[in-house]
Amino acid sequence: MPRLSEVLAELNALWPPSRAEEWDAVGTVCGDPGLPGDPARPGASVDRVLFAVDPVQEIAEEAVALGAQLLVTHHPLYLRGMHGVAADTFKGRVVHTLIENGVALHVAHTNADSADPGVSDALAGALGLRVLRPLVPDPTDPEGRRGLGRVCELDAPTTLGHFAARAAHRLPATAQGVRLAGDQDAAVRTVAVSGGSGDGLFAAARAAGVDAFLTADLRHHPASEATQHSPLGLVDAAHWATEWPWCEQAAAQLDEISDRNGWDLRVHVSKAVTDPWSSHFASSTPALTTNPPGAPN
């Protein structure tokens, strides 16, 4: 059974904290990795690991019920400064639940986004796309494989509507589903994808010359402006759904590391849907129409 410090070292090699964005909060949130060189403080041991997108109470309780000693999430628990972890707060309760049950929490966020393979590689794989290159390359990577988002190619041309339907079918189901902006019948052969919030990458998607851009959390004004700039089709999926495939990819990476080191870790992926939206109601009133001035009502 490996020590927590050994597992964390491998995770940090996959997703170096130094490659996270400056505003991000990645790495180990709680847990006892021990003190290097001090036999009196060897730290905790690990034989079961759970991967999930969100470090919410439901996931913390799942890790405890599973008997995991390590929970790895994509989203940070704390992104802003805090002065306490009292258990009567949501985040404090998560920390108390984990510590009281001997579960460490480790976060790989933007350092996993830009990794090779990273979050967008997993998203492309879930959609059956062939990755060509990063959408926004990492200038520190001489091989040009790391970076934000991915430029991809479909196995055969399709339409924007069929591509959006493919995304709705292949990504985990959420209340939001998948939204589309653009001509449903437009031809699509190349696609840019970015797991998580991606409306800051519209310029990069246009510069890449792709036919469509699939991401999440598209806001009204940036999306509206993007549709005026070019015929680029926009496909908006749920944030959680675009990042959950990374959990399976990351679990497979840790499985391979475990086999190589002879650790015999049991690695799990949470199937709990932690997307915050729980229901969706389609509009039932007729679409509004605008009459020109002087036209009869």
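Along each chain, numbering runs from 1 in the same order as the chain's sequence is written. Thresholds applied to this predicted model are a pLDDT of at least 70 for local features of residues and 80 or more for the giving and counting of side-chain atom pairs; totals over whole chains, interfaces and linings are not thresholded and use all residues. Calculated side-chain values reflect all of the structure's heavy atoms, with hydrogen atoms and water omitted.

Chemist: Talk me through the layout of surface pockets; I want residue IDs and the actual numbers.
Modeler: If a probe the size of a water molecule is rolled over the atoms, the empty space left behind becomes visible. A 1.4 Å probe that fits into a set of points on a 1 Å grid over the protein atoms alone but cannot get out defines a cavity; an open set with protein on both sides within 12 Å along at least five of seven lines defines a pocket, and lining residues are those with an atom within 4 Å of a point. Grid points are joined across faces, edges and corners, and a volume is the space filled by probe spheres set on the points. Estimates place the volume of the largest pocket at around 540 Å³. Around the largest pocket, the lining is made up of 28 residues, and of these Trp23, His75, Leu79, His109 and His239 lie nearest the centre. Under the scheme used here, helices are H or I runs from DSSP no shorter than 4 residues and strands are E runs no shorter than 2 residues, and both carry numbers assigned from the N terminus. Elements with a minimum of two residues in the lining of the largest pocket: helix 3 (90–100), helix 4 (110–113), strand 6 (147–159), strand 8 (187–197) and helix 9 (239–261). Here the lining of the largest pocket takes four residues from strand 8, the largest share from any one element. Three classes are used: nonpolar for Ala, Val, Leu, Ile, Met, Phe, Trp, Tyr, Cys and Pro, charged for Asp, Glu, Lys and Arg, and polar for all others, with Gly counted as polar. A per-class count over the lining of the largest pocket returns ten nonpolar, twelve polar and six charged.

Chemist: Let's hear about the sheet that holds strand 3 (residues 70–73): which residues, and what values?
Modeler: Strands are labelled as partners when DSSP assigns at least two bridges between them. Pairing within the open sheet is mixed, and its five strands lie in the order 1-4-3-2-11. The open sheet terminates on both sides in strands that have one partner only, identified here as strand 1 (27–30) and strand 11 (266–269). Direction aside, neighbouring strands of the sheet carry axes that sit 25° apart on average. One ladder, built from four bridges, connects strand 3 with strand 4 (residues 104–107); its direction is parallel. Note on strand 4: the bridge partner recorded for Thr73 is Val107. Contacts are assigned to residue pairs with any non-hydrogen atoms lying within 4.5 Å of each other. Note on geometry: axes are C-alpha line fits, over the in-contact stretch for helices, and angles between N-to-C directions span 0 to 180 degrees. Packing against the sheet, helix 1 (residues 4–14) makes contact with strand 1, strand 3 and strand 4, and its axis sits at approximately 15° to strand 3. On the sheet, helix 2 (residues 57–66) packs against strand 2 (48–52), strand 3 and strand 11 and is oriented at approximately 160° with respect to strand 2.

Chemist: So what's going on with the packing of aromatic side chains? Which residues, and what values?
Modeler: What describes a pair of aromatic rings is the distance from one ring centre to the other and the angle between the planes of the rings. Whether two aromatic rings pair depends on their centres lying within 6.5 Å, for rings of Phe, Tyr and Trp, where Trp uses its six-membered ring; planes under 30 degrees apart make the pair stacked, over 60 edge-to-face, and the rest tilted. A complete count under the given rule lists four aromatic pairs for this structure. Aromatic ring contacts, followed pair by pair, group Trp15, Phe51 and Trp246 into a single cluster.

Chemist: Quick rundown of the pattern of salt bridges? Include the residues and the values.
Modeler: Pairing is possible between side chains that carry opposite charge, provided their charged atoms lie close to one another. A pair is scored as a salt bridge if a Lys or Arg side-chain nitrogen falls within 4 Å of a carboxyl oxygen belonging to Asp or Glu. Under the defined criterion, the tally for this structure stands at twelve salt bridges. A salt bridge links Arg145 to Asp116; its shortest N-O distance comes to 2.8 Å. Highlighted residues: Arg145 in the loop between strand 5 (130–137) and strand 6 and Asp116 in the loop between helix 4 and helix 5 (119–126), separated in sequence by 29 residues. Accessibility expressed as a relative area gives 46% for Arg145, which makes it partly exposed. Overall, Asp116 belongs to the partly exposed group, its relative accessible area being 35%. Note that Arg179 and Asp236 form a salt bridge whose closest N and O atoms lie 2.5 Å from each other. Of the two residues, Arg179 is situated in strand 7 (residues 178–181) and Asp236 in strand 10 (residues 233–237); the sequence distance between them amounts to 57 residues. Several salt bridges converge on common partners, so that one network encompasses Asp138, Asp141 and Arg146. Buried means the residue's accessible area, taken with a 1.4 Å probe over protein chains only, is under 20% of the maximum for its type, while exposed means over 50%, and partly exposed covers the values in between.

Chemist: Please set out helix 2 residue by residue, giving values where relevant.
Modeler: If you check which residues of helix 2 are buried, you get Gln57, Ile59, Ala60 and Ala63. What you see down the axis of helix 2 is that its buried residues fit within an arc of 165°, all on one side. Elements in contact with the buried residues of helix 2: strand 2, strand 3 and helix 3. Arc definition: directions from the helix axis to the C-beta atoms.

Chemist: A description of unusual backbone geometry should follow, citing residues and the corresponding values.
Modeler: Residue Asp116 is joined to Pro117 through a cis peptide bond whose omega torsion reads 0°. When you line up the elements, Pro117 lands in the loop between helix 4 and helix 5. In the Ramachandran plot, Asp217 falls in the positive-phi region, its phi being about 60° despite a non-glycine side chain. Assignment of secondary structure puts Asp217 in the loop between strand 9 (212–216) and helix 8 (220–229). For Asp217, a relative accessible area of 35% corresponds to the partly exposed category.

Chemist: Tell me about the sheet that holds strand 8, residues and numbers included.
Modeler: The six strands are arranged 5-6-8-9-10-7 in an open sheet whose pairing can be described as mixed. Lying at the two open borders of the sheet, with one neighbouring strand each, are strand 5 and strand 7. Strand after strand, the sheet turns through a mean of 25° between neighbouring axes, direction not considered. As paired strands, strand 6 and strand 8 are joined by six bridges and run antiparallel to one another. Across the sheet, Cys152 pairs through a bridge with Val191, a residue of strand 8. Along the sheet face, helix 9 touches strand 8, strand 9 and strand 10 and points at about 90° away from the line of strand 8.

Purely geometric stuff here, so don't read any function into it on its own.
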